[in-house]
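# Structural features, examined
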Amino acid sequence: MSKKDCKQDIRKNSHNTSSHIHHHRHEPNSKNSCICVVPIFNHLEAAQMEEIMKVMKSISYKKGEVLYREGDTSNVLYVVSKGKIRIYRLSESGKEQLLRILNPGDFTGELALFRESIHEAYAEAMIDTDVCMISKNDLQEFLLKYPTISLKILAEFSNRLEISEKQTTRFVTEKVAARLALFLGECTDGGVSPIEIELPMSKKDLASYLGTTPETISRTLVDFEDAGYIKQKRNRKIEILDLDGLLLI
């Protein structure tokens, strides 16, 4: 299986409907997609990717189904090949804090690679989602055999740490309006206004991620619109009219 074949396989799968996916059933094509889309694997040679694919298992989850819960044993790396997964924690009072959203190519459960552990959060499918899994023992063998995988994982850890530190700092130092403005700015990927973006999550999830309420998010977006910074459209789309002004809030 060449890297070119990987790309062709992903394109072929993207045109198929979900009718061929069986809930919690083994899906060979999903394993191909996992290898192709996840950065910690797709840099390897074709034979090496083929080797990893042989030990992977693939599972499909319906929208709203939970992959793992807080307190579950953590001994598997989960890789998203299709769909979206939300990672969140619950406080003692039951309040939810969204940590991150996983898209195709992202992974979770990595702490099991380094120590015996339990999950400290929940993972839930936001839409119908295909996931590939590789056991702790199998992955540790590949880390020793192909050190570049370790470097890719460390790069992802570094990126997550940076995002987590930014988020913590904003909770402490910034008001909700500033947090939301910075989030919208990051969604533009540095583009020049006017630019249209699509919110990567619902207002409920965005509120959880930013440490506020959906009502506050809605009210703040209206304030931004009244000030001429943005224009709200349908299907989570927002046109950023004045990015510089928005980021000065």
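Quick caveat, the model's predicted, so the values are computed rather than measured.

The rules behind the values
- Residues numbered from 1 in each chain as written.
- Predicted model: local features only at pLDDT ≥ 70, side-chain atom pairs only at ≥ 80, totals over all residues.
- Heavy atoms only, no water.
- Phe/Tyr/Trp six-rings, centres within 6.5 Å; stacked < 30°, edge-to-face > 60°.
- Helix = DSSP H or I, 4+ residues; strand = E, 2+ residues; numbered from the N terminus.
- Buried < 20%, exposed > 50% of the residue type's maximum accessible area, 1.4 Å probe, protein only.
- Pairing = 2+ DSSP bridges.
- Axes fitted to C-alpha atoms, helices over the stretch in contact; angles between N-to-C directions.
- Arc of directions from axis to C-beta.
- pLDDT = per-residue confidence, 0-100.
- Contact = heavy atoms within 4.5 Å.
- Salt bridge = Lys/Arg side-chain N within 4 Å of Asp/Glu carboxyl O.

### Looking at the packing of aromatic side chains
- By the definition in use, this model includes five aromatic pairs.
- Where Tyr68 meets Tyr78, the ring centres are 5.4 Å apart and the plane angle is 45°; that geometry is what we call tilted. Of this pair, Tyr68 sits in strand β2 (residues 66-68) while Tyr78 sits in strand β4 (residues 76-82); the two residues are ten residues apart in sequence, bridging distant segments of the chain.
- Measuring from centroid to centroid gives 5.2 Å for Tyr88 and Tyr122, while their planes differ by 10°, and the two rings are stacked. Here Tyr88 is found in strand β5 (residues 85-90), whereas its partner Tyr122 is found in strand β9 (residues 122-125), with 34 residues between them in sequence.
- Judged by relative accessible area, Tyr88 falls into the buried class, the value being 8%.

### Observations regarding the sheet that holds strand β12 (residues 230-232)
- Spatially, β11-β13-β12 is the arrangement adopted by the three strands of the open sheet, whose pairing is antiparallel. Two strands close off the open sheet at either side, each with one partner strand: β11 (195-198) and β12. Between one strand axis and the next, the sheet turns through 25° on average, direction left out of account.
- Here β11 pairs with strand β13 (residues 237-240) via four bridges, running antiparallel. Bridged to Glu198 within β13 is Lys237.

### Here's the deal with helix α3 (residues 46-55)
- Of the positions making up α3, those classed as buried are Met49, Ile52 and Met53. Taken around the axis of α3, the buried residues stretch over an arc of 105°, which confines them to a single face. Residues of α3 that are exposed and angled more than 90 degrees away from the buried face: Ala47 and Lys54.

### As for the confidence of the model for the chain
- The pLDDT averaged across the chain works out to 83; a share of 86% of its residues lies at or above 70.
- Per-residue pLDDT, averaged within each element of the chain, yields its smallest value for helix α1 (residues 3-14) (48) and its largest for β9 (96).
- In this model, residues 10-23 is a region of pLDDT below 50 whose contacts with residues beyond four sequence positions or in other chains number 17 contacts.

### Let's talk about the pairing of strand β6 (residues 96-102)
- Where β5 meets β6, six bridges bridge the pair, whose relative direction is antiparallel. Within β6, the position partnered with Arg86 by the bridge is Ile101.
- Connecting β5 to the antiparallel partner β6 that follows it, the hairpin turn spans five residues, and Gly94 within it adopts a positive phi of roughly 95°.

### As for the sheet that holds β9
- Within the open sheet, the four strands sit side by side as β2-β9-β5-β6. Their pairing is antiparallel. Both edges of this open sheet fall to β2 and β6, since each of them pairs with a single strand only. In this sheet, adjacent strand axes meet at a mean angle of 30° when their direction is disregarded.
- Of the pairings in the sheet, the one linking β2 to β9 comprises two bridges and is antiparallel in character.

### Overview of the pattern of salt bridges
- This structure, assessed with the given rule, holds ten salt bridges.
- The closest approach of N and O atoms between Glu156 and Arg160, which form a salt bridge, is 2.9 Å. Here Arg160 and Glu156 lie together in helix α5 (residues 147-173), a separation of four residues that amounts to about one turn.
- Each of Arg86, Glu96, Glu124 and Asp205 takes part in salt bridges that share partners, so that together they form one network.

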